[in-house]
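Coordinate inspection notes
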Amino acid sequence: MKKLMLTCAAAALISTGAMAQSTVVTATGAGHAAAVQIEPEYRTKIRTYVTEHKVRPVQTREKIVVGQPVPREVELESVPADWEPSLTKYRYVYSGDRVMLVGPSTRTVVQEID
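The following refers to the structure shown. Keep in mind the model is a prediction, meaning the values are calculated, not measured. (Residues numbered from 1 in each chain as written. Predicted model: local features only at pLDDT ≥ 70, side-chain atom pairs only at ≥ 80, totals over all residues. Heavy atoms only, no water.)

Some remarks on the overall build of the protein
In terms of regular secondary structure, the protein is built from two helices and six strands. Reading the secondary structure of the protein in the N-to-C direction produces α-β-β-α-β-β-β-β. With 114 residues in all, the protein has 33% of them scored as buried. A fraction of 50% describes how many contacts in the protein between residues 6 or more apart in sequence connect residues 24 or more apart. Carbon and sulfur atoms make up 56% of the accessible area of the protein, which amounts to about 7,800 Å² in all. (Helix = DSSP H or I, 4+ residues; strand = E, 2+ residues; numbered from the N terminus. Buried < 20%, exposed > 50% of the residue type's maximum accessible area, 1.4 Å probe, protein only. Contact = heavy atoms within 4.5 Å. Areas by Shrake-Rupley, 256 points an atom, 1.4 Å probe, with all protein chains shown as cover.)

Laid out in structure tokens, this is it:
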């Protein structure tokens, strides 16, 4: 029964992916933060936004890295809808010339955009 459910789920994902062009794919692993894959053109769009809007980088004692929570004193910014609508559920922080996507409920970094 379990194999049947996994097979059906895999078939549904494959058929859905073939019909729709996905720019952002979110996957989760057991016990790990969500991994977000962003197409290159959206990475460029995000970097351009940060540059054009002169977003100031935050300074922290610890390096902000994927899979770790952002310190509580760091303010998370809302993701603009024009980056990619599926990313609006995240927040971001600009640190050390890198944009980091953050899950707002856990404050965990899910993707680095360099």
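Let's talk about the packing of aromatic side chains
Overall, the coordinates contain two aromatic pairs when judged by the stated rule. Judged by centre distance (5.5 Å) and plane angle (80°), the ring pair of Tyr49 and Trp83 falls under edge-to-face. Of this pair, Tyr49 sits in helix α2 (residues 40-52) while Trp83 sits in the loop between β3 (77-78) and β4 (91-95), placing them 34 residues apart in sequence. The burial state of Tyr49 is the same as that of Trp83; both residues are buried. With a centroid separation of 4.8 Å and an interplanar angle of 50°, the aromatic rings of Trp83 and Tyr92 are classed as tilted. (Phe/Tyr/Trp six-rings, centres within 6.5 Å; stacked < 30°, edge-to-face > 60°.)

Section: the side chain of Gln111
With respect to the secondary-structure elements, Gln111 resides in strand β6 (residues 108-113). Residues in contact with Gln111, not counting those within four places in the same chain, are Val36, Gln37, Ile38, Arg43, Val66, Val99, Met100 and Leu101.

Looking at α2
Under the 1.5 Å per step criterion, the end-to-end length of α2 is 18 Å for 13 residues, consistent within 8% with the ideal 18 Å. Within the sequence span of α2, burial applies to Tyr42, Ile46, Arg47, Tyr49 and Val50. Viewed along the axis of α2, the buried residues span an arc of 155°, placing them on a single side of the element. Turned more than 90 degrees away from the buried face of α2 sit Pro40, Thr51 and Glu52, all of them exposed. Phi turns positive one or two residues past the end of α2, at Lys54, with a value near 50°. (Expected span 1.5 Å × (residues − 1). Arc of directions from axis to C-beta.)

Regarding the nonpolar core
Core analysis: the largest hydrophobic core is formed by 17 residues, its most contacted members being Trp83, Leu87, Tyr92, Val99 and Leu101. Elements with a contribution of two residues or more to this core: β2 (35-38), α2, β4, β5 (98-103) and β6. Among the elements that make up this core, the one with the highest residue count is α2 (four residues). Excluding anything up to four places from it in sequence, Val99 contacts Ile46, Arg47, Val50, Trp83, Tyr92, Val93, Tyr94, Gln111, Glu112 and Ile113. Formed by eight residues, the second largest nonpolar core is a distinct cluster that contains Ile64, Val74, Leu76 and Val102. (Core = buried A, V, L, I, M, F, W, Y, C linked by side-chain atoms within 4.5 Å.)

A word on the pairing of β6
Most of β6 is tucked away: five of the six residues are buried. Note: β5 against β6, five bridges, orientation antiparallel. Counterpart to Val102 in the pairing with β6 is Val109. Taking the residues between adjacent antiparallel strands as the criterion, β5 and β6 are bridged by four residues, where Arg107 takes a positive phi near 60°. (Pairing = 2+ DSSP bridges.)

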